[in-house]
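Working through the structure, step by step
Residues per chain are reported as follows:
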Amino acid sequence: MSTMLQEPPTAVVAVPTAGDVRRGELAAFLRSRRERVSPEEAGLPRGPRRRTPGLRREEVAHLAAVGVTWYTWLEQARDIKVSAQVLDAIARALRLDRGERSHLFALAGTVDPMPDTGCAGVSTELRLMLEQLDPLPACVQNARYDILAHNRAYGRLVADLDALPPDERNCMWLTFTHPDWRDAFADREEVIRAMAAKFRAAMAGHIADPAWKCLLKRLLDASPEFRALWARHEVAPPTAYGTRMFRQPDVGLLRLRQTSLWVAPHAGGRLVSFTPVDDESRRRLERLGEILRAESAR
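1. With respect to the layout of surface pockets
Each pocket or cavity is described by its volume, and for the second largest pocket that value is around 630 Å³. Along its surface, the second largest pocket is lined by 36 residues, and Gln141, Ala143, Tyr145, Lys198 and Arg270 are the ones closest to its centre. Elements with a minimum of two residues in the lining of the second largest pocket: strand E1 (138–141), helix H8 (171–177), helix H10 (188–203), strand E3 (241–248), strand E4 (252–262) and strand E5 (270–276).

2. What about the nonpolar core?
Counting residues in each nonpolar core, the largest one holds 41 residues, and the members touching the most others are Tyr154, Met172, Phe199, Leu219 and Phe226. The contact partners of Phe226, leaving out residues within four places of it in the chain, are Met172, Phe176, Ala196, Phe199, Leu216, Leu219 and Leu220. Val37, Ala64, Val86 and Ile90 belong to the second-largest nonpolar core, a separate cluster that totals 26 residues.

3. What about the packing of aromatic side chains?
The tally for this structure, following the rule as stated, stands at seven aromatic pairs. Residues Phe185 and Phe246 carry aromatic rings whose centres are separated by 5.1 Å and whose planes lie at 45° to one another, so their mutual orientation is tilted. One end of the pair, Phe185, is in the loop between helix H9 (179–184) and H10; the other, Phe246, is in strand E3, and 61 residues separate them in sequence. The exposure classification of Phe185 matches that of Phe246, with both residues buried. Where Phe199 meets Trp230, the ring centres are 5.8 Å apart and the plane angle is 50°; that geometry is what we call tilted. On the criterion of sequence distance, the pair formed by Phe199 in helix H10 and Trp230 in helix H12 (residues 224–230) is long-range, its members being 31 residues apart. The class for Phe199 is buried, based on a relative accessible area of 0%. Here a set of aromatic residues connected by ring pairs shows up, and it is made of Phe176, Phe199, Trp212, Phe226 and Trp230.

4. Observations concerning the pairing of E3
Regular strands place their side chains on alternate faces of the sheet. The alternating pattern of E3 places Gly242, Arg244, Phe246 and Gln248 on a buried face, while none of Tyr241, Thr243, Met245 and Arg247, on the opposite face, is buried. Judged from the eight bridges that link them, E3 and E4 form a sheet pairing that is antiparallel. Bridging from a neighbouring strand, Thr243 pairs with Arg257 of E4. Hairpin connection between E3 and E4: a loop of three residues separates the two successive antiparallel strands.

5. Quick word on the packing of helix H4 (residues 84–93) against helix H11 (residues 210–222)
At their nearest, the axes of H4 and H11 sit 9 Å apart, and the two run at 55° to each other. It follows that H4 is oblique to H11 by the angle criterion. In this structure, the crossing between H4 and H11 has a hand that is right-handed. Contacts between H4 and H11 involve Ala84, Gln85, Asp88, Ala89 and Arg92 on the former and, on the latter, Pro210, Lys213, Cys214, Lys217 and Arg218. Considered class by class, the residues forming the contact of H4 with H11 number four nonpolar, one polar and five charged.

6. Things to note about the pattern of salt bridges
Under the counting rule described, the total for this entry stands at 25 salt bridges. Residue Arg23 is joined to Asp79 by a salt bridge in which the shortest nitrogen-to-oxygen separation is 3.4 Å. Of this pair, Arg23 sits in helix H1 (residues 18–36) while Asp79 sits in the loop between helix H3 (68–75) and H4, and the two are 56 residues apart along the sequence. Arg23 gets classed as buried once you look at its relative accessible area, which sits at 19%. According to the relative accessible area criterion, Asp79 is exposed, its value standing at 63%.

Basis of the calculations
- Residues numbered from 1 in each chain as written.
- Predicted model: local features only at pLDDT ≥ 70, side-chain atom pairs only at ≥ 80, totals over all residues.
- Heavy atoms only, no water.
- 1 Å grid on protein atoms, 1.4 Å probe; cavity = no way out; pocket = protein on both sides within 12 Å on 5 of 7 lines; lining within 4 Å.
- Points joined across faces, edges and corners; volume = space filled by probe spheres on them.
- Helix = DSSP H or I, 4+ residues; strand = E, 2+ residues; numbered from the N terminus.
- Core = buried A, V, L, I, M, F, W, Y, C linked by side-chain atoms within 4.5 Å.
- Buried < 20%, exposed > 50% of the residue type's maximum accessible area, 1.4 Å probe, protein only.
- Contact = heavy atoms within 4.5 Å.
- Phe/Tyr/Trp six-rings, centres within 6.5 Å; stacked < 30°, edge-to-face > 60°.
- Pairing = 2+ DSSP bridges.
- Axes fitted to C-alpha atoms, helices over the stretch in contact; angles between N-to-C directions.
- Parallel < 35°, antiparallel > 145°, perpendicular 65-115°, else oblique.
- Left-handed = near helix turned anticlockwise from the far one by under 90°.
- Nonpolar A, V, L, I, M, F, W, Y, C, P; charged D, E, K, R; others polar.
- Salt bridge = Lys/Arg side-chain N within 4 Å of Asp/Glu carboxyl O.

Listed below in structure tokens is the structure:
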């Protein structure tokens, strides 16, 4: 009886898919960025027995307000769905710059809700109006309270706005989280309640918009004060006029009349300007203008 020779079975080699490659790149990128950030930079104690370079996974998860297991799966290249809000939180926790943030969203296959658009949408005519209004503070905002452009007086109405990263130049975010902005309003309780109510009303038309959802998540995570107001479910329509009292660091208390002129349909973008209510506020605004001109001349 003859023995027939049989060929050994051919091993089946799994070919990585495009999704596998991208998730692997995402995992490696996250690990490299995590190892680059020191605990001190993230506002965390180093501890005596730290061996991990940079941050630990659980520390990134804590800073981004996501589950440790979920974040671990991301670094293990698991096939899980990543929302824009979570990626936004991770990008901030890892202190990514604009290029790194864009790379993160590209690897995750998710549209960045806060792309690097600069001040797109602000016309040359609007910018000229802002400049001509100095020393009256003025800015251009969108419906989400992003500050798209501003003049010198508005840039120093509370703190140095130009010193802040562009993605933090949002009135809601600054009012609820920035120390100087928190202390700037003499009528703070009234202001923040109205702002939260107007933001909720405006968000009804943008309920599925990733940029709005990201801002809401950031506010809820960062501010107990905002969380308490948001839980009230109060709503208020946008208003064209109002009186505000600012404590300006260089010139003192300013009593100002706020005027909003809408420059886009459906209460979208608006030019917001502030005029003095009384003579003392007018003199103090003029003094602020002198200070800013002197600084520019140096």
